[in-house]
Every structure is written in structure tokens, then in C-alpha cells.
Amino acid sequence: MTEKNGRYYDAVKALTARLVQINSVSPNVAGENACAAEIHGALAERGLSPAYWALADGRNIVWAMVEGRALPPDADQVPTVILLGHLDVAGVQDYGAGVDPFDPQALQDALLAQYEKNPTTDDECLRDAASGQWMFGRGAFDMKSGVAAQIAVMEALAEARDSLPGNVLMVATPDEEVESAGTMVAVERLVELRAARRLDYVGVINSDYTAPREPGDEQRYIYRGTIGKMLCCFYVRGCETHVGEAFRGLDANLIASYLIQETNLNTALCDEADGEITVPPLTQKQRDFKARYDAQTPISALVHCSCLVHSWTPQDVLVRMVALAQRALSRANHRRIVQWTAYAARQHSATPIDDLGGRVWTYQQLHEAVTEKMGRAPLERALEERAFGYVQKARRLLARLSPEEQDFLIDHGQLVGIDSRERSLTIVKALVEIASREGVFDPRKPAVLVYFAPPYFPPIRGDSDSRLNRAIAAEVDSGRYGDIQFQGFYPYVSDISYVKVDDAVYQSLPVLKKNFPLWRDGDDQVREELRGDYFTVPFDLIRELDCDVANIGPWGKEAHGKGERVYMPYAFETAPALIHNVILRVLIDHN
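The following refers to the structure shown.

So, how was this worked out
Residues numbered from 1 in each chain as written. Predicted model: local features only at pLDDT ≥ 70, side-chain atom pairs only at ≥ 80, totals over all residues. Heavy atoms only, no water. Helix = DSSP H or I, 4+ residues; strand = E, 2+ residues; numbered from the N terminus. Buried < 20%, exposed > 50% of the residue type's maximum accessible area, 1.4 Å probe, protein only. Polar contact = N/O pair within 3.5 Å; in protein donor to acceptor, adjacent residues only side chain to side chain. Contact = heavy atoms within 4.5 Å. Axes fitted to C-alpha atoms, helices over the stretch in contact; angles between N-to-C directions. Parallel < 35°, antiparallel > 145°, perpendicular 65-115°, else oblique. Left-handed = near helix turned anticlockwise from the far one by under 90°. Salt bridge = Lys/Arg side-chain N within 4 Å of Asp/Glu carboxyl O. Core = buried A, V, L, I, M, F, W, Y, C linked by side-chain atoms within 4.5 Å. Phe/Tyr/Trp six-rings, centres within 6.5 Å; stacked < 30°, edge-to-face > 60°.

Some remarks on the side chain of threonine 278
Positionally, threonine 278 belongs in the loop between strand E10 (276-277) and strand E11 (283-288). When its relative accessible area of 3% is taken as the criterion, threonine 278 is described as buried. Only 3.4 Å separates the side chain of threonine 278 from the backbone oxygen of leucine 308, close enough to count as a polar contact. The contacts of threonine 278, once residues within four sequence positions are left out, are Ile227, Leu269, Cys270, Asp271, Leu308, Val309 and His310.

Spelled out as C-alpha cells, the structure:
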């Protein structure tokens, strides 16, 4: 099923190249909408009737439905399979100047020219280019080839709608690479559409990328659930000092460095469930907040680390991160004392220094302590005034610049305005300032404040006995598609996190929300002009939607890298054929 002369190959290849040529790096209204329009056009060309759902910022979701005509006459609801995909792509800074990451043919030609200069190279990327089996370009792998496969499947199903015993609904969303804002809106629209059209959603097939799990891995994978991801944040306060009095204070960056050591690649933070294990955390950001040079040490710093989960709840993650923060703070204090002892000996001094101590706070602990002092409503007003006053001022200043100038400053500076992690940080800083003023937080002592920031991807433990996953297992077991492993957790995070919620996650939401500075639910009291600046996941709607999930997507290499490429025989023929036949099995089984 990986031959180039199959039913789907040529069409999916052409569609993929067509979509890759559009720069839809997220977030960008014009770029993402251009890709949405191209998908809309491709669906319309195939006789479907696509439409848009709009986000508040003007970005569009594309959707279309093939309505089967072979339903039982007494059917109260119409069984419907959802095909889910995203149309945005990751950034392209890694490609460098003089390279067009959105031109698959130019990238192929450039790589082939390099290979021909050294045909004995060990460079895997160049050897793949020489094979002629791969398409290169940003989004070719993640996941425009998956969207192209879905479009081709929709065309095939539309041609056979007279014998189709149910519906197939395709949804292509923006913003998956940032905060999944498109899927958050799509969830609400899907719930509304189900009621309006009497649909019974029997499963969601996502077609995001799949990749080798280790060097040399040629295995193909399908998944019936998905990994979760939490962005764990540490706001660090040190004790500032002059560089000539190194031991008088404690450098915030020293504490941050120990936080990175405690979290980065720490295999104790690998969550194992159902025989599968997550990869350990990585640092996603580290910086201090010293804007200009002088001889003072930085007073504060920030560390972000990812934490991937299968079964751990937000409470489980928070407990672990607090313990590691306490260990990092203790190690920084210990290093200061040990190094002073060695330094003092060389100075022929026996004068000891005290441990500076300090404390690790969760955001919830500090917020509740300040609330006791000044009351919840006054605190929330003060946080909004301080934090969002700064955000709004930054936006007003940015608005005076051209889009190109804005992008330059956002890429090369440390600006807020569009980034919810930065908005989270402004709230944390404001809380610490207020807590210091109220006597709750001692600014003379080192401290670490642990909190969560967007995005939040909850894990889903797939049900191997669901109709969808039984159908997939039967197709895979048929042997028609080669050797494919059907595993539990999609390992790269995806939008299917938002179409079902496991009970353990739902029950732990209070802890998550109380330690998530930017989180506000729809019924929370906030100033209307600021509502779009907050973050939420519509868990009650997701619980109502409650769809079984699977990921059947293209296979390739180096997603988000400058060597991003998709293996064409599998992505353009095997994957769409498998998706098509799974849909037929699901709908037939349902009836």
C-alpha cells in the first residue's frame, strides 16, 4: 500500500505542495486565513460545500461535511466521524537567510545539489533528498500532508455518499502550534452542530505527524490516545548584591541554573502508564530581568520547562515541581556557603556567613496569603490594574509600528502584548509586589514561585474497545498496510487533547486553575475588554463532546526543524487509504 500508482498518491502530493507554499506560521491572521481559503477552495473543487467558523481575532476554521445517504430509515441520529487537522505551522527562523522554507521543490533541489558534491555523505537529510521519496518544507510533515490526505478522503467518500451509512465531518483549525485557539472554538461549534443536525459523533481521527521514536526507527505508528503537556514555570527571586560583594547576596541566575539541572532531562519526571513512558522535561525558556548593564546582580529570573504526562494530574505535577524547586533553592544556598568557606580560608579568615534561607511558594499559596490580608476583590482589581496596565501600554506602543517592526521587536526583544506566557508573568510579578507591600512576601529573602502557564494539553487514555479503535485494530491486523504499531499515547501533543477529558484530569481542575494565573472560566468576573487576554479550556463543553480519539497521520522526520520532511509513499497513499477504510468500518459497525 505504499506504491506511487495508488488511488491517492498524486492528489495528496499535489495538495500538500499547494498548501506548503502558503506561509501559515502561527499566530498570523493573514497567513493562516490564506491557508484556510486554500483548503476551502480545494474542498469546493471536489464538490463539497465548505464553510468557516471564525475566531474572535478573525482567523478562520474550515469545515465541511459529507452526508451519507445509506442510513437506516428509523435512525434517530446520524453516526458521524470527525476528521481533525490544523492548518498552521511552526516558525521558520532556523532555516536562515536565502532559503525559502515554503518551496518544496527548491529545497529538494538545494539538498540534492549538496548531496551530489558528496554522494558518500552520512548526512541522513541529504541521503533522504537523494532518494526522491521525501517532500521537504515547513508544514510538509506537520501537518499539511495530513490535511491533504483528509481532503482526498473526503473527495472519495463524497463520490460514494449514496452507499455511505453515516457522515464524515472535516475540521481544519488555526493556532495549534501556539495555544489551540482554533480547536477551543471548534469544540463549541461541534456541540452546536451535533444538536442542530442530530449527529452522533462516533470518533475523532486526527492526522498529525508520526515520527521515529529513536534513531534508526522505521516503524509506523497509530495512536488511540494522546500525551498531555504542562508548562511549568518558576519565577525566581534572588538577593541582589554588588559584584564586588559576591557573597553578600544570592544570584537569581544561580538558583535558576539549579532549577534547570533539577528538571531538564530528569527521568524521574517521566510518567509511565500502560507500559508507555513519556520523555523527560526540557527547558523552554530561561532569562533574568536585568534590562541594562550595571554592577548589580539580577534580582529575578524565570525558568519554563515542559512536563509531558500520561496519567499524572496537575496536582501530581505541582507536588513534584515544588519539591524540585525546594531542592534547587537549597543547593544554591549550600553552594554559596561552601564557596565562601573555601574563599575565606584563602583569605585566612574564619568568619562564617549565614544561610539566606528563603521559601518556595505555589501561586495559590501566595495568592491566598495576600487575599487574607486585603480581600479577594481588592486583590483581583489590583492585579488587573498592575499587570494589564503594563500589557495595554505595551500594545499601544506596538500599535504605532508597522507589522514588520512589531515582529522584529517581538522576535528580538522581551515584549508582551500577544504572548500569554508573558501576560502570566506580569500577573505573577504584580502579585509578588503586592505581597511584599502587604508584608506577606519577604523581598530580602530568596524565593521561587511555582505556577502554570499556557498552553495546557490534557492527556487522554484511549479506549481500545471503542468502536473507532476496534475498527482501526481490524484494519491494521488485515496486513494490507505493512507493519504498523497501534499504541496508546500520541507522543507529540495535539488538538485531540480537547475533544475528550479523562475523569482524573477533570477532578483535578481546581488545583490547576488556582495555580494558573491567566486562567479565567467563562463565568468568572473580569473586565470585558480583558476577557480575551485570559486563558481557559472549555472543559465542560469538552466533557459534553466526549469523543473517542485516534491519530492516523503521515510519517516523516524533523518536525519543526530545517530538515522537516515527509515520507511520500506512506503519507500520500498508505495513510489516506487507511483513514478511508477505518471510516467505512466505523460507520458500518455502528449500524
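Considering the packing of helix H1 (residues 9-20) against helix H2 (residues 29-45)
Packing of H1 against H2 brings their axes to within 10 Å, and their N-to-C directions diverge by 155°. Relative to H2, the element H1 is oriented roughly antiparallel. When the axes of H1 and H2 are compared, the crossing they make is right-handed. Here H1 contributes Leu15, Arg18 and Leu19 to the contact with H2, which in turn contributes Cys35, Glu38, Ile39, Gly41, Ala42 and Glu45.

What to know about the pattern of salt bridges
Applying the stated criterion across every chain, the model contains 39 salt bridges. Put simply, arginine 46 and glutamate 155 hold a salt bridge, and the shortest N to O gap is 3.3 Å. One end of the pair, arginine 46, is in the loop between H2 and strand E1 (51-54); the other, glutamate 155, is in helix H5 (residues 140-159), and 109 residues separate them in sequence.

Describing the nonpolar core
Within the largest apolar cluster, 106 residues are counted, with the highest numbers of intra-cluster contacts made by Val171, Phe234, Leu366 and Tyr451. Other than its neighbours up to four places away in sequence, leucine 366 contacts Trp361, Leu431, Val432, Ala435, Val440, Phe441 and Leu449. The next biggest cluster of nonpolar side chains, apart from the first, holds 77 residues, and it includes Tyr8, Leu48, Trp134 and Ile552.

A word on the environment of alanine 332
Here alanine 332 is to be found in helix H8 (residues 314-346). As for alanine 332 and isoleucine 255, which are separated by 77 residues in sequence, their C-alpha atoms are 5.4 Å apart.

Description of the environment of isoleucine 579
Relative to the elements of secondary structure, isoleucine 579 occurs in helix H17 (residues 568-590). Non-local contacts of isoleucine 579, meaning those with residues more than four positions away in its chain, are made with Leu83, Val153, Ser207 and Ile552.

Observations concerning the side chain of threonine 263
When you line up the elements, threonine 263 lands in helix H7 (residues 252-263). The exposure class of threonine 263 is buried, given its relative accessible area of 0%. Leave out the neighbours within four places in its chain, and threonine 263 touches Phe234, Leu269, Pro281, Cys305, Met321 and Leu324.

Regarding the packing of aromatic side chains
The final tally for this structure, using the stated rule, is 22 aromatic pairs. Their ring planes at 80° and their centres at 5.2 Å tell us that phenylalanine 516 and tryptophan 519 sit as a pair that is edge-to-face. Owing to a relative accessible area of 2%, phenylalanine 516 belongs among the buried residues under this scheme. On the basis of relative accessibility, which here comes to 3%, the residue tryptophan 519 falls in the buried class. Ring geometry for phenylalanine 516 against phenylalanine 535: centres 5.4 Å apart, planes inclined by 5°, an arrangement best described as stacked. On the criterion of sequence distance, the pair formed by phenylalanine 516 in the loop between helix H15 (509-514) and helix H16 (539-545) and phenylalanine 535 in the loop between H15 and H16 is long-range, its members being 19 residues apart. The exposure class of phenylalanine 535 is buried, given its relative accessible area of 6%. Site record: aromatic cluster; members linked through ring pairs are Phe141, Tyr209, Tyr221, Tyr223, Tyr490 and Tyr492.

Everything listed is a geometric property; what it means functionally is a separate question.
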